[in-house]
Every structure is written in C-alpha cells, then in structure tokens.
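Architecture at a glance
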Amino acid sequence: ERILIEPCSTDARAMHVKVARAWYVVGILTLIYAISFVDRFILALLAEPVGRELQLGDGQMGILLGAGFAIVYALAGLPAAQLIDQRERRKIVTLGVSLWSAGTVISAFADGFAMLATCRASVALGEAVLTPAAISLIADLFPAHKRALPMSVYASMSGLMTIGSFVIGGATLGIATSLEAQIGLSPWRGTLLIVGFPGLLLA
C-alpha cells in the first residue's frame, strides 16, 4: 500500500511546486509590466518642469511624449518578438527591463532634447520586449485550458496602471520634492531617478 501511495504523494508535491513556480513567474512579469507603465507615462506628468528647465518647445515635448516613444515601440515589436522565439526569453526580458530602466534613470541627468529623446527611445525599445516574452512564457508554464487566468492577471495591469502610473508618479514627485535639498536634484530629476531603480532591481 505504501508503494502505491508514495509516488502519488511525490507527484502531487512536484505538481504543487510547478504550479507555485508558474504563478511566481506570472507575479514577477505582472509587477514588471506595472513598472513599465510608470516609466512610460512619467514624463507626461513631468512635462511642465522638464520643458521649462531644458527650454524645450511644444513640438519637442510632443515628440518626447508621443512619436518619439510610439514609433520606436511599434517598430521594435516585430524584431523583438522574432528574437524572443529564437533566444532564451529570460535573458531577453532581463536585457529589456535593464535597458528601459537605465533609460529612465539616465533621463534624470538629461541636459537637452537630444539626450532626453535618446533615453525615451531606449525606454520604448526595452518595453517592446516585455509583452511578447511574457505571453510566450505564460503559454509554456500553463496548459491551454488554464492560461486564461494568468493571462488576465498580467493583462489587467494595462487598465490599472493607465491611471495608477500617474498616482505612483505623483507620490514619487512628492518624495523627490521633499528630498531636493538632500540629493541636490530638482524634483523632476529626482522623480525619474527614483522610478527607474525598481526596474533595475527586478531585472
């Protein structure tokens, strides 16, 4: 009787470990996805002080907030997806998160339009990697009849962080304002510095 029960118990434990690991990955990917929205939208929240300090015109700010990000993001999506199909996805996600987070951090030290536009392009390029890789990873971690829930958990960040990113950004701006004297950076620079670091840690 013990010979019959022990393999079943071992199989059950292995299954629990596999399911827990799969949901851990979903949790990490979802958290990274949430952070990506903060880094994507933070410049919109800071547009007025950034434009004033760097003496940027409305057209330049429009490029930074719109086409400068969207075009790179759209064009990078297809080659990024093909690369994900051919290479190790974990390393590609790590590289993408590191790239966009570093772009956000370096934006804090921008001295003009060209540098800020380059940083925004790096944010777009890095973020273009995440969702194709996340969908592919989730598809491998869960059987077809159990993929809807983890996919929905991941995708839910899109709706939540459209507003949530501005709430987090506003709170971070408040922190950066209170630390202005200690860190020696204007609030918008401090905000970019702070919001960029979580991605680097998670990468």
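Up top is the structure these notes are about.
Within each chain, residue numbers correspond to sequence positions counted from 1 in written order. pLDDT decides what is reported in this predicted model: residues at 70 or higher carry local features, side-chain atom pairs at 80 or more are listed and counted, and totals for whole chains, interfaces and linings draw on all residues regardless. To get the side-chain values, take all heavy atoms of the structure and skip hydrogens and water.

Some thoughts on the overall build of the chain
Spelled out, the test is: By the criteria applied, helices consist of DSSP H or I runs no shorter than four residues and strands consist of E runs no shorter than two, each listed in order from the N terminus. Summary of the burial criterion: residues with accessible area below 20% of their type's maximum are buried, those above 50% are exposed, and those between are partly exposed, where the area comes from a 1.4 Å probe applied to protein chains only. In this analysis, two residues are considered to be in contact whenever any of their non-hydrogen atoms come within 4.5 Å of each other. The sign given to each residue is positive for Lys and Arg and negative for Asp and Glu; His and the chain ends receive no count. The location of each charge is read from NZ of Lys, CZ of Arg, CG of Asp or CD of Glu.
Along the chain, the regular secondary structure elements total 9 helices and 0 strands. Secondary structure elements in the chain, listed N-terminal to C-terminal, are α-α-α-α-α-α-α-α-α. Structurally, the chain occupies a C-alpha span of about 80 × 40 × 25 Å along its principal axes. Within the chain, the proportion of its 203 residues that are buried is 39%. Partitioning the intrachain contacts of the chain with sequence separation of at least 6 by distance along the chain shows that 75% fall at a separation of at least 24. Charged side chains in the chain number 14 positive and 13 negative. The centres of these two groups are separated by 9 Å.

As for the packing of helix 4 (residues 67–86) against helix 6 (residues 113–141)
Cut-off, in case you're wondering: Comment: axis = line fitted to C-alpha atoms, over the contacting stretch for helices; angle = value between 0 and 180 degrees taken between N-to-C directions. Any angle that falls under 35 degrees is termed roughly parallel, while one over 145 is termed roughly antiparallel, one within 65 to 115 roughly perpendicular, and all others oblique. Each crossing gets its handedness from the near helix: less than a right angle anticlockwise from the far helix is left-handed, clockwise is right-handed. Just so you know the grouping, Ala, Val, Leu, Ile, Met, Phe, Trp, Tyr, Cys and Pro go in nonpolar, Asp, Glu, Lys and Arg go in charged, and all remaining residues, Gly too, go in polar.
Remark: helix 4 packs on helix 6, axes separated minimally by 7 Å, with the N-to-C direction vectors making an angle of 40°. In terms of axis orientation, helix 4 runs oblique to helix 6. The crossing of helix 4 and helix 6 is right-handed. Within the contact between the two elements, helix 4 uses G68, F69, V72, Y73, A76, G77, A80, A81 and I84 and helix 6 uses R120, A121, V123, A124, L125, E127, A128, V129, P132 and A133. In the contact of helix 4 with helix 6, the residues fall into 15 nonpolar, 2 polar and 2 charged.

A word on the nonpolar core
Put simply, the test is: For the purposes of this section, nonpolar cores are sets of buried Ala, Val, Leu, Ile, Met, Phe, Trp, Tyr and Cys residues that join through side-chain atoms within 4.5 Å.
L29, V50, L116 and L130 are the most contacted members of the largest nonpolar core, which has 47 residues in total. Mapped by element, the contributors of at least two residues to this core are helix 1 (2–45), helix 2 (47–54), helix 3 (58–65), helix 4, helix 5 (89–107), helix 6, helix 7 (148–178) and helix 9 (187–202). Here this core takes 12 residues from helix 1, the largest share from any one element.

Notes on the environment of G196
Mapping G196 onto the fold places it in helix 9. Placed 158 residues apart in sequence, G196 and V38 show a C-alpha to C-alpha distance of 8.9 Å. Setting aside anything within four residues of it in sequence, one finds G196 in contact with D39, S101, T104 and V105.

Focus: unusual backbone geometry
We note that Q55 has phi near 55°; this positive angle belongs to a residue other than glycine. When you line up the elements, Q55 lands in the loop between helix 2 and helix 3.

Quick word on the side chain of T30
Test applied: Polar contact is defined as a pair of N or O atoms within 3.5 Å, subject to the rule that within protein one atom must be able to donate a hydrogen and the other to accept it, and that residues adjacent in sequence are counted only when both atoms are side-chain atoms.
Among the secondary structure elements, T30 is positioned in helix 1. T30 gets classed as buried once you look at its relative accessible area, which sits at 8%. A polar contact is formed between the side chain of T30 and the backbone oxygen of V26, at a distance of 2.7 Å. Setting aside anything within four residues of it in sequence, one finds T30 in contact with V153, Y154 and M157.

Some points on the pattern of salt bridges
We count it as follows: Definition used for salt bridges: Asp or Glu carboxyl oxygen within 4 Å of a side-chain nitrogen of Lys or Arg.
On inspection of all chains with the given rule, the structure shows 6 salt bridges. Among the ionic pairs, E48 bridges to R52, the shortest N-O distance being 2.3 Å. With a gap of 4 residues between them, E48 and R52 both fall in helix 2, about one helical turn apart. A relative accessible area of 52% means that E48 is categorised as exposed. The network of salt bridges with common partners includes E88, R90 and K91.

Description of helix 5
Residue pairs three or four apart in sequence face the same way in an α-helix, which turns once every 3.6 residues. Let me state the cut-off plainly: Between the first and last residue of a helix there are one fewer steps than residues, each counted as 1.5 Å, and that sum is the expected span.
The terminal C-alpha atoms of helix 5, which comprises 19 residues, lie 27 Å apart, in line with the 27 Å expected from a rise of 1.5 Å per residue. For helix 5, the complete set of buried residues consists of I92, V93, G96, V97, W100, S101, G103, T104, V105 and S107.

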